[in-house]
Amino acid sequence: MLLNNPPTDMEVPVAASEDRRADEPRQELVGARMREFRKERGMTLRDLASRSGLSIGFLSQVERGISTIGLVALNSVAAALERGVSEFFDDSPGRQPGRDADRLPTHFTLTRAETAATEYVSGAQTYRMLSARGPSLVLEPLLVHIAPGGRREPAYGHAGEEFAYVLSGELLYEVDGVEHRLYPGDSVHLRSTVPHSMYNDTDQVTTVVSVVTPRLF
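Rules of the game
Residues numbered from 1 in each chain as written. Predicted model: local features only at pLDDT ≥ 70, side-chain atom pairs only at ≥ 80, totals over all residues. Heavy atoms only, no water. Helix = DSSP H or I, 4+ residues; strand = E, 2+ residues; numbered from the N terminus. Buried < 20%, exposed > 50% of the residue type's maximum accessible area, 1.4 Å probe, protein only. Pairing = 2+ DSSP bridges. Axes fitted to C-alpha atoms, helices over the stretch in contact; angles between N-to-C directions. Parallel < 35°, antiparallel > 145°, perpendicular 65-115°, else oblique. Left-handed = near helix turned anticlockwise from the far one by under 90°. Contact = heavy atoms within 4.5 Å.

Trainee: What am I meant to see in the overall build of the protein chain here?
Mentor: In terms of regular secondary structure, the protein chain is built from 4 helices and 9 strands. Listing the helices and strands of the protein chain from first to last along the sequence gives α-α-α-α-β-β-β-β-β-β-β-β-β. Counting across all 217 residues of the protein chain, residues that qualify as buried make up 46%.

So, in structure tokens, the structure goes:
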């Protein structure tokens, strides 16, 4: 474990070079906000690395806009900085994800296909949220479009569980130092405390249904 005009409901990125160019302003924004929030708390990069489980070098590259960061890894950073993930994005809907929680059922949500979905783009990955907020619900279901190329994130572990099912394309999924190539119909399910990462090393967009815990927003 979700930054340009994200794809519409029926679109996915089609050109790696165009996708990377479009992501550059968002990539820089996430890094700039990370630095801003870190300095507001009087934390060094070493402090943030210790609390998030990510390396100092990687976090430094993200802050400088050199590397991108996936949504799940960003969630670890956000938790360490006591911020919401959506605060790292300037024009994402739902900047205050919990504000309507008191009007939602505690046990159930229903998301219609025609309902405009919230999308977040982080680096080569576009995350479409597949369900509304539910105060008592712990799963985060996502539709993830992974553009080809880009920088490969280091493997790391975090709290919770993670499931990924490949709808189209191929995905290189590393779990505990071992790489597994996933094809359409393949899936992986793991305790997220095991170091892991995913990467699209092909020349086509890969689309994955992912479910993670805890919720990111």
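Trainee: Help me out: how do you make sense of the sheet that holds strand 6 (residues 178–182) in this one?
Mentor: Sheets are built from strands that pair by backbone hydrogen bonding, the pairs being arranged parallel or antiparallel. The 3 strands are arranged 6-5-8 in an open sheet whose pairing can be described as antiparallel. Since the sheet does not close on itself, it has two edges, and those belong to strand 6 and strand 8 (196–199), each with one partner. Strand-to-strand, the axes of this sheet are offset by a mean angle of 20°, without reference to chain direction.

Trainee: How should the packing of helix 2 (residues 45–52) against helix 4 (residues 71–80) be read in this particular structure?
Mentor: What describes two packed helices is the angle between their axes and the distance between those same axes. Two elements in contact, helix 2 and helix 4, have axes whose closest approach is 9 Å; the angle formed by their N-to-C orientations is 115°. Viewed along their axes, helix 2 and helix 4 adopt a mutual orientation that is roughly perpendicular. Relative to helix 4, helix 2 is oriented so that their crossing is right-handed. Residue-level contacts link Leu 48, Arg 51 and Ser 52 of helix 2 to Ser 76, Val 77 and Ala 80 of helix 4.

Trainee: Honestly, the pairing of strand 5 (residues 171–175) in this entry has me stumped. Any pointers?
Mentor: Within a regular beta strand, the side chains point alternately toward one face of the sheet and then the other, so they alternate between its two faces. By the criterion of burial, strand 5 is predominantly enclosed, with 5 of the 5 residues buried. Residues of strand 5 alternate between two faces, with Leu 171, Tyr 173 and Val 175 on one and Leu 172 and Glu 174 on the opposite face, all of them buried. Alignment of strand 5 against strand 6, held across 5 bridges, turns out to be antiparallel. Counterpart to Leu 171 in the pairing with strand 6 is Leu 182. Hairpin connection from strand 5 to strand 6: 2 residues lie between these consecutive antiparallel strands, with Asp 176 at a positive phi of about 55°. Sheet topology places strand 5 next to strand 8; 4 bridges connect them, and they run antiparallel. Looking across to strand 8, one finds that Glu 174 is bridged to Ser 197.

Trainee: Would you explain the environment of Lys 39 in this entry?
Mentor: Mapped onto the elements, Lys 39 comes out in helix 1 (residues 16–40). The exposure class of Lys 39 is exposed, given its relative accessible area of 54%. In sequence terms Lys 39 and Leu 81 are 42 residues apart; their C-alpha atoms lie 9.8 Å from each other.

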